[in-house]
Every structure is written in structure tokens, then in C-alpha cells.
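An overview of the molecular structure
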Amino acid sequence: MGVPMRFERLSRTVLVALTVTLLSLDAGAADLSGKRLLVELNKLEPAGEDCRTTWVLNNGTGTDLARLKLDIVAFDTDGIVVRRVGAELGPIRREHTRVKLFDLKSIDCGNVGRMLMNGVLACEVEGAEAVSPDHCANSLETATRTTVPFTQ
């Protein structure tokens, strides 16, 4: 015997709803795919007993980022970790540039040998829930205008 018509219609409706849901999840995940979020270490300068870092972010992802928090690690000139900072660098609108400052407490700028973007702690797209930090990290590109290397 054949499948009752009501069950067939219900199955088709569930299948369509599931497909639409999966496609929209895939589209949301693809928002940052292949796009670029440039994080540039622009300047290091003394600020009292601290080392002030200046960062330039250029959001070329095509998506408004409501929140971006990066795990930044500073190494001294001997390669020893001297500071780890959870740096809030958002929000930043799509196709915009933003400048952000934060101080490395009790560190002489001349003793900073390199900086590392160790990971993404939080990434939220405007009007949506949090994006996977790994997915957000894949769109990041690091650069420096200083003599201090900044890598991922």
C-alpha cells in the first residue's frame, strides 16, 4: 500500500523546513568566509610606566561586528611571555576602520620583542548570536607598522 497522503505532505513540509534551516545556518556561517578583517599593530609608545599599543582594524568582512575580543600575547626581546590581554576591539561596522588603544601595564615598550594574536575570545555579528570564534579567527589577517612583529 502507498503512504497516506497526509503523512507524505507532512514529510515534505518537514524536509523543506529542515532544508531552509540548514541553508540559512550555512549562509550565516559563510558571512565571514573568504572575507578579511585586518588587525594592525600600528604603534607602541611609552605611557608613564606602561607601553601603549595602538591598533587599526579594517572590517572588510561585509558584516557589522557587534563584538570582537582577541587574546593578545606580548613577548619580551628574549621570547618570554610578559603579558596576556583579552582586548576588546569591537564594535566595528562593515567596511569601516577603527582605532583602538590599550596599555601593557608596567612594561617598557623597548622590551616588547613580538606580539601574538593567540586567538579569538568572542565574536558577535550585529543582530545575530555569537559566531564561532574559530570561524571569526579564519577571517583575521595580522599586520604591523612597527619594528615589533605581530603574528597569529
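Below: a short report on this structure. Since we're looking at a predicted model, the values are computed, not measured. (Residues numbered from 1 in each chain as written. Predicted model: local features only at pLDDT ≥ 70, side-chain atom pairs only at ≥ 80, totals over all residues. Heavy atoms only, no water.)

**Description of the state of the cysteines**
Using the following cut-off: Here, two cysteine sulfur atoms that lie within 2.5 Å of each other are counted as a disulfide. Secondary structure elements follow DSSP: runs of H or I no shorter than four residues count as helices, runs of E no shorter than two count as strands, and numbering proceeds from the N terminus.
Counted under the stated rule, the structure contains two disulfides. Across a sulfur-sulfur distance of 2.1 Å, Cys 51 and Cys 109 are joined as a disulfide pair. The disulfide joining Cys 51 to Cys 109 has a torsion of about 110° about its S-S bond and is therefore right-handed. With Cys 51 in strand β2 (residues 50-60) and Cys 109 in the loop between β5 (97-104) and β6 (112-125), the pair connects residues that are 58 residues apart, well separated along the chain.

**A few points about the side chain of Thr 61**
Put simply, the test is: Note on classification: 1.4 Å probe, protein chains only; a residue is buried when its accessible area is under 20% of the maximum for its type, exposed when over 50%, partly exposed between these limits. Polar contact is defined as a pair of N or O atoms within 3.5 Å, subject to the rule that within protein one atom must be able to donate a hydrogen and the other to accept it, and that residues adjacent in sequence are counted only when both atoms are side-chain atoms.
On the secondary structure map, Thr 61 appears in the loop between β2 and β3 (65-76). Thr 61 gets classed as buried once you look at its relative accessible area, which sits at 1%. A polar atom in the side chain of Thr 61 sits 2.5 Å from the side chain of Asn 59. Within the local environment of Thr 61, its side chain forms a polar contact with the backbone nitrogen of Thr 63, the two atoms lying 3.1 Å apart.

It is worth stressing that arrangement in space is one thing and function is another; only the former is reported here.
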